[in-house]
Amino acid sequence: MNVLYAEIIVDVSTYHVDRSFDYAVPVEWVAVIEKGCRVKVPFGPRNVLGFVVGLKHETDVPTNKIKPLAQILDIEPVFTEEMLLMAKWLKNETICYEIDALQVMLPSALRAKYEKIVKLLNYQTILPMAVQQIFGKRQQANFKEFERAGLLPLLKTLIADKIVKIENVVKQQGNVKAVRMVKITEDEQALSNAMQEASRAAKQRSLIEWMASHLGEVFTPQQIYEATSVSAAVLQAVIEKGAASFIQEEVYRDPFTKDVARTQSLQLTDEQAVALKAITHSIETQSASTFLLQGVTGSGKTEVYLQAIQKVLNDGKEAIMLVPEISLTPQMTERFRSRFGEMVAVMHSGLSVGEKYDEWRKIQQGKVSVVVGARSAIFAPFTNLGLIILDEEHESTYKQEDSPRYHARDVAIWRSQYYRCPVILGSATPALESYARAKKGVYTLLTLKQRALHQAMPTVYVADMREELQKGNRSMFSELLIEGIRTRLERQEQMVLFLNRRGYSSFVLCRDCGTVVQCPNCDISLTYHRTTEKLKCHYCGYEEQVPQICPQCQSEHIRYFGTGTQKVEEEIYKLFPEARVLRMDVDTTKHKGAHEEILQAFGEGQADILLGTQMIAKGLDFPNITLVGVLSADTSLHLPDYRAAERTFQLLTQVSGRAGRHDKAGEVVIQTYTPEHYAIELAKVQDYEPFYEREMFLRRRSGYPPYYFVALIQVSHEDVMMAAEYAGRAADWLRGNLSNQVSIIGPTVASISRLQNRYRYQCLIKYKIEPNLIPVLQRLLAMYRAEWIKQGILMTVDLDPSTI
Ligand SMILES: Nc1ncnc2c1ncn2[C@@H]1O[C@H](COP(=O)(O)OP(=O)(O)OP(=O)(O)O)[C@@H](O)[C@H]1O
Ligand SMILES: [Zn+2]
Ligand SMILES: [Zn+2]
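The shown structure was predicted, so the numbers you read here are calculated from the model rather than taken from an experiment. (Residues numbered from 1 in each chain as written. Chains lettered and ligands numbered in written order. Predicted model: local features only at pLDDT ≥ 70, side-chain atom pairs only at ≥ 80, totals over all residues.)

Novice: In this structure, what is going on with the overall build of the chain? I would like to understand it.
Specialist: When its secondary structure is counted, the chain shows 26 helices and 33 strands. Since a compact globule built from 804 residues should have a radius of gyration of about 28 Å, the 31 Å found for the chain is in line with a globular shape. Overall, the C-alpha framework of the chain stretches about 100 × 70 × 65 Å when taken along its three principal axes. A buried classification covers 41% of the 804 residues belonging to the chain. (Helix = DSSP H or I, 4+ residues; strand = E, 2+ residues; numbered from the N terminus. Rg over C-alpha atoms; globule rule 2.2 N^0.38 Å. Buried ≥ 20, exposed ≤ 12 C-beta atoms within 10 Å, placed from the backbone.)

What follows is the structure, given as structure tokens:
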């Protein structure tokens, strides 16, 4: 007999061999199992989750050694053929475990604990005896019952015939939501039989008569009571006579709170039309080109995306639209919903596990054709992709910082090659790497130089805070900004005040000895939180009461210092008691929908000033905003990171772009202690090209990307000596195994030298071409996984680190 074997990737990512294992497929599952299904397999002493990545009739494992699969969890695969291929690619590309690559593609509901339910869809069919016995009078039964009874092959044919269907019921939050409905029979004969049975019950007869004019329709019980004024008992009696039946109707949790009005395509500007034409051409010729759409803020990039997506939908294909998590605002998603209505699924971290799962199912079941989402939506299980878009492509959040350390842009390009469809990377301030590729012709550059309605770009002023101090102005607002705020309040126009990073510098400082209160677990100063009078660590969550006296010198002159959003808010009220301020930061947006409420209130003119962190840098498009203030441009400029200047330039450009987007002209005030810095000077003139040239020159001189590639190895341990020792071993080993074309810097102490009680060291690899790199790093990782890990070492390898 021809035995079937399954190749399984098991859910054990500490195991040091990263490969698939063969298991025998029990005979009763041979007709059921498919590539891409989830299974449970015996592994060591327990059963673990596994994914079927291959099926075959031969194995090298001796017959007496091979174990059978323990359980099959899916009858229909959760991974497509494409996803299995993509996982193999990701594994190599990012040097991760294949299991991690597979897991990242699934919604967490499918990774979590769940229960499988078999639901009866068609009540008229006569079920096979064995199956009928399991259902009994119920409409649904647990998958396990069929499994125990050995009925999986039969179940598979029932699914194919649409007599039953399978649902994953996630324990905890993620249940598939279902409501009880009444379905009236389609069979006139059944109805007249019921009528005869009910010969002496007038109410039942009148209900059956009503049903006769609604054959096959589905109602809630409530609707029926209202339409016919019968009671629940009458309905129950009629159902027992076979005139109708109760069914469970699946409803998707709808994360959209309100209906949106439909919009039509806008008449494109000439620049937009040129861009769209190039993209459309690529869609029509099915070429996997990558476009870099560089358009100044307010140039109407979104309209180009919308019309390109429309084209793809007209061709019967699907589109993925990625936006950074923080700009995935209701305002943003509404622009897509208002154009494509029910065709759109939305995926972001604000959704519950269940809601995310529902959105994923809509995609998998082909109920939607467009997904708008953050990074992980790049794995949306579409099977006929026609277009992938990354808006704000320069954003560092497109890079995942945990294994698999993938960049959504690379996954997008891989998928575009698989489907032969274009990718659009859009930004006002492209990542240096992307612009360099566009200049080399690897990407096709499309530019929008004008704002869509030909509004002027805002006028940008730079306020030198050193001069302010010399003039005796000790507040956090420059005279220029105070004047700007005053005139806006008079004219009843709106403003956005932007503070780089939440509470970045609101630490507690002793004015006598200079001690800053630090986290006991991480080498980072604690942040002061006014509302709770507590100090918190933003990395590990540690918190403590604000000390009354300095822990170092016992002085009472210890107090918080610096500019958190709360402090700014207080200062505004001191200067402008009449101002209405809305604060948007991590603290005010904790509860679900808070984001939306704040933006809506601001949009309705309920406040004059929107004060916030990164969250407000993007996507805002309100007509009445005429002033943008950046309170301190320096905070991001002086981070120990080779991309600090690039990030600052991007941020300043983005924030400035919120002003004067409609009829009214906009102004921007950037406050800084280093006005002569090129990132600030060039953000002032809002010119990308000179910034690009300047920054490229510096990158070449210092040997950083895009001229060189970098890879980062981080090693951590609770004991500082161990961390240093093993980081040294890694560096030595790399020096011994990589060519001398490569420079290896380190080991050095990481920029955050201790995190969650672990000391951190790192080595940086800089290279131009090194064919050996991946295999060498894989061997280093194998060594780590086999030996070092037992010593309590944690090591990570990142081939495209976003911070160094
Ligand atoms: N062809 C057009 N005709 C009329 N209005 C347009 C057109 N294209 C875009 N707009 C409008 O111009 C404004 C700016 O467009 P949009 O938000 O798409 O710009 P963007 O390039 O995505 O900007 P940002 O990068 O700043 O987010 C929007 O209010 C949009 O409705
Ligand atoms: Zn002190
Ligand atoms: Zn901490």
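Novice: Mind showing me how you'd approach the site of ligand 1 here?
Specialist: Lining the immediate environment of ligand 1, one finds 20 residues, of which Thr297, Gly300, Lys301, Thr302 and Ala452 sit closest. Take the shell around ligand 1: its biggest share by element is 3 residues, from helix α12 (residues 301-314). Residues of the shell around ligand 1, tallied by class, amount to 5 nonpolar, 11 polar and 4 charged. Taken together, domain 3 (270-448) and domain 4 (459-506 + 562-699) each give at least three residues to the shell around ligand 1, which thus spans both. (Near = placed C-beta within 6 Å. Nonpolar A, V, L, I, M, F, W, Y, C, P; charged D, E, K, R; others polar. Domains from an automatic or database assignment.)

Novice: Got a minute to help me understand the sheet that holds strand β24 (residues 543-545) in this structure?
Specialist: Through backbone hydrogen bonds, the strands of a sheet pair up, either in parallel or in antiparallel fashion. The strand order across the open sheet formed by 3 strands is β22-β23-β24, and the pairing between neighbours is antiparallel. Both edges of this open sheet fall to β22 (527-529) and β24, since each of them pairs with a single strand only. Neighbour-to-neighbour, the strand axes of the sheet open up by a mean angle of 30°, direction not taken into account. Relative to β24, strand β23 (residues 534-536) runs antiparallel, the two sharing 3 bridges. Paired with Leu535 across the strands is Glu544, a residue of β24. (Pairing = 2+ DSSP bridges. Axes fitted to C-alpha atoms, helices over the stretch in contact; angles between N-to-C directions.)

Novice: What's the story with helix α14 (residues 353-364) in this structure? I'm lost.
Specialist: Think of an α-helix as turning once every 3.6 residues; residues three or four places apart then point the same way. Taking 1.5 Å of rise per residue, 12 residues should cover 16 Å, and α14 covers 16 Å from first to last C-alpha, within 8% of that figure. Counting buried residues in α14 gives 9 out of 12 residues, a clear majority hidden from the surface. Within the sequence span of α14, burial applies to Glu355, Lys356, Tyr357, Asp358, Glu359, Trp360, Arg361, Lys362 and Ile363. Taken from the residues just after α14, Gly366 is the one with a positive phi, measuring 70°. (Expected span 1.5 Å × (residues − 1).)

Novice: Would you take a moment to explain the UniProt feature "binding site: Zn(2+) 2" (unreviewed entry) in the chain for this structure?
Specialist: Summarizing the sequence annotation, UniProt attributes the feature "binding site: Zn(2+) 2" (unreviewed entry) to Cys519, Cys522, Cys537 and Cys540 in the numbering used throughout. The topology assignment puts Cys519 in the loop between β21 (507-510) and β22. On the basis of neighbour counts, which here come to 24 C-beta atoms within 10 Å, the residue Cys519 falls in the buried class. Along the chain, the position of Cys537 falls in the loop between β23 and β24. By the C-beta count within 10 Å, which is 20 here, Cys537 ends up buried. (UniProt positions renumbered as here; feature names shortened; annotations may be inferred.)

Novice: What's the story with the UniProt feature "binding site: Zn(2+) 1" (unreviewed entry) in the chain in this structure? I'm lost.
Specialist: Mapped onto this numbering, the UniProt entry annotates "binding site: Zn(2+) 1" (unreviewed entry) at Cys510, Cys513, Cys550 and Cys553. Spatially, the listed residues are clustered: although they cover 44 residues, their C-alpha atoms lie within 8.6 Å of one another. Relative to the elements of secondary structure, Cys510 occurs in strand β21. Cys510 has contacts with Thr515, Cys550, Gln552, Cys553, Ser555, His557 and Ile558, leaving out every residue within four places of it along the chain. Relative to the assigned elements, Cys553 resides in the loop between β24 and β25 (558-561). Other than its neighbours up to four places away in sequence, Cys553 contacts Cys510, Asp512 and Cys513. (Contact = placed C-beta atoms within 7 Å.)

Novice: Teacher, can you tell me more about the sheet that holds strand β1 (residues 5-10) here?
Specialist: The strand order β2-β1-β4-β3-β5 describes an open sheet built from 5 strands, whose pairing is antiparallel. Looking at the sheet topology across the chains shown, the edges are occupied by β2 (21-24) and β5 (71-72). The pairing of strand β3 (residues 38-43) with strand β4 (residues 46-56) spans 6 bridges and is classified as antiparallel. Bridge assignment links Lys40 to a residue of β4, and that residue is Leu49.

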